[in-house]
Amino acid sequence: MGHSSDILCSAYSPDNSIIATGSVDGKIKLWANGICFITFEEHSNSIVDLVITNTNAVISASTDGTVRAFDINKYRMFRTMTTPT
């Protein structure tokens, strides 16, 4: 299933086997062979930038004021960084 809102950013894995997409809906979707195999929903606002590292992590930036790191192999978020207050 695709995003419910516009896609704002995307990133390819270093080996080009995975595509990550980030949307206005605050969701990150990971795709392989045209199939979405995981959706991360931890952000509360639009995803504006993504990168997939060579260590199988997705790093995302959102207008909710956070940068989050997700483990592709374990399908979980492992770090949240917030803006200083």
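Each value, and the rule that gives it
Counting starts from 1 at the beginning of each chain's written sequence and moves along it residue by residue. In view of the model being predicted, local features appear only for residues whose pLDDT reaches at least 70, and side-chain atom pairs are presented and counted only at 80 or more, with totals across whole chains, interfaces and linings using the full set of residues. Here the side-chain values reflect all heavy atoms present in the structure, with hydrogen atoms and water set aside. Paired strands, in this sense, are two strands between which DSSP finds at least two bridges. Strands are runs of DSSP state E lasting at least 2 residues, helices are runs of H or I lasting at least 4, and numbering of each runs from the N terminus. What counts as an axis is a line fitted to C-alpha atoms, over the stretch in contact for a helix, and the angles between N-to-C directions run from 0 to 180 degrees. Centres within 6.5 Å are what make two rings of Phe, Tyr or Trp a pair, Trp counting through its six-membered ring; a difference in plane orientation under 30 degrees is then read as stacked, over 60 as edge-to-face, and the rest as tilted. Exposure classes here rest on a 1.4 Å probe applied to the protein chains alone. A residue is buried below 20% of its type maximum, exposed above 50%, and partly exposed in between.

Caption draft 1: Here's a closer look at the sheet that holds strand β4 (residues 35–40). A sheet is described by the order of its strands in space; here 4 strands give the open sequence β1-β2-β3-β4, paired in antiparallel fashion. For this open sheet the edge positions go to β1 (7–12) and β4, each flanked by a neighbour on one side alone. Here the average twist between neighbouring strands, direction ignored, is 25°. With 5 bridges connecting them, β1 and strand β2 (residues 19–23) associate as antiparallel partners. Across the sheet, the residue bridging to C9 is G22, located in β2.

Caption draft 2: Looking closely at the sheet that holds strand β8 (residues 76–82). The 4 strands are arranged β5-β6-β7-β8 in an open sheet whose pairing can be described as antiparallel. Looking along the sheet, the strands with just one partner apiece sit at the ends: β5 (47–52) and β8. For this sheet, the mean inter-axis angle between neighbouring strands, taken without regard to orientation, is 20°. Pairing of β5 with strand β6 (residues 57–62), which is carried by 5 bridges, proceeds in the antiparallel orientation. The residue of β6 that forms the bridge with V51 is I59.

Caption draft 3: Focus on the packing of aromatic side chains. One pass over the structure, following the stated rule, counts 2 aromatic pairs. Residues F37 and Y75 carry aromatic rings whose centres are separated by 6.2 Å and whose planes lie at 55° to one another, so their mutual orientation is tilted. On the criterion of sequence distance, the pair formed by F37 in strand β4 and Y75 in the loop between β7 (66–71) and β8 is long-range, its members being 38 residues apart. The exposure class of Y75 is partly exposed, given its relative accessible area of 46%.

Function-wise, these values are silent; they only describe arrangement.
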